[in-house]
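So you can see what is in the structure, the chains are spelled out below.
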Amino acid sequence: MATSEFQTKLMSLQSNMLNFALMLTSNRDNAYDLLQDTTLKALDNEDKYTENTNFKGWVFTIMRNIFINNYRRVARSATVIDQTEDLYHLNISQDSGFETPEGSYQAGEITAAINAMTDEYRIPFSMHVAGYKYNEIADKMNLPLGTIKSRIFFARKRLQERFADYR
């Protein structure tokens, strides 16, 4: 396919490509950026297009792949890297509530409720919250897997009942 014919085909798809970009991004400015990136990439890779294949499908695949790559790049850059000693920020949920005095009081109250449980429920539940898997807890405590699962379930249920009014 001649370069001028390729460019003509590509320019005739611009309105369809813009609609597809709007559907992907839900933002007009981002859609125009995606359209421009796709057009440039298609022009740069003109030699990779083979005749008698679906031109529109080829271009839309380029657009979709650019969108996915940009989305992944943004998601990776938003990842928090914990540089604190003992990885404190990774071990705390993002909406832990510690920003407010009420939140830290509630967390203290939950900790007190967990510590008030008998060892048979507190230890497996605390290990589970700390990130241990059920089978690791069962091995460590020399108990059957089903027993560990039920103790964790009952500990969670007790906490939910005790703090039902916080919902």
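That block above? That's the structure.
Residues numbered from 1 in each chain as written. Predicted model: local features only at pLDDT ≥ 70, side-chain atom pairs only at ≥ 80, totals over all residues. Heavy atoms only, no water.

Draft legend 1. View of unusual backbone geometry. Phi at Ser-26 is positive, roughly 60 degrees, even though this residue is not glycine. When you line up the elements, Ser-26 lands in the loop between α2 (14-25) and α3 (28-44). On the accessibility criterion, Ser-26 (66% relative accessible area) is exposed. A positive phi angle, near 55 degrees, is found at Asn-142, a position not held by glycine. (Helix = DSSP H or I, 4+ residues; strand = E, 2+ residues; numbered from the N terminus. Buried < 20%, exposed > 50% of the residue type's maximum accessible area, 1.4 Å probe, protein only.)

Draft legend 2. Expanded view of the packing of aromatic side chains. Per the counting criterion, the structure on display carries eight aromatic pairs. Relative to Trp-58, the ring of Phe-55 has its centre 6.1 Å away and its plane inclined at 35 degrees; by these criteria the two rings are tilted. Of this pair, Phe-55 and Trp-58 both sit in helix α4 (residues 55-77), separated by three residues, roughly a single helical turn. Just as Phe-55 is buried, Trp-58 falls in that class too. Pairwise contacts between aromatic rings join Phe-6, Tyr-49, Phe-55 and Trp-58 into one cluster. Arg-158 extends its terminal NZ or CZ atom over the ring of Tyr-121, reaching a point 4.2 Å from the ring centre. (Phe/Tyr/Trp six-rings, centres within 6.5 Å; stacked < 30°, edge-to-face > 60°. Lys NZ or Arg CZ within 6 Å of the ring centre and 35° of its normal.)

Draft legend 3. Representation of α4. Given a rise of 1.5 Å per residue, 23 residues ought to cover 33 Å, and the 33 Å separating the end C-alpha atoms of α4 matches this to within 8%. By the burial criterion, the buried members of α4 are Phe-55, Trp-58, Val-59, Phe-60, Ile-62, Met-63 and Ile-66. Regarding α4, its N-cap is Asn-54, as a side-chain oxygen of that residue lies 3.2 Å from the backbone nitrogen of Lys-56 further along. (Expected span 1.5 Å × (residues − 1). Polar contact = N/O pair within 3.5 Å; in protein donor to acceptor, adjacent residues only side chain to side chain.)

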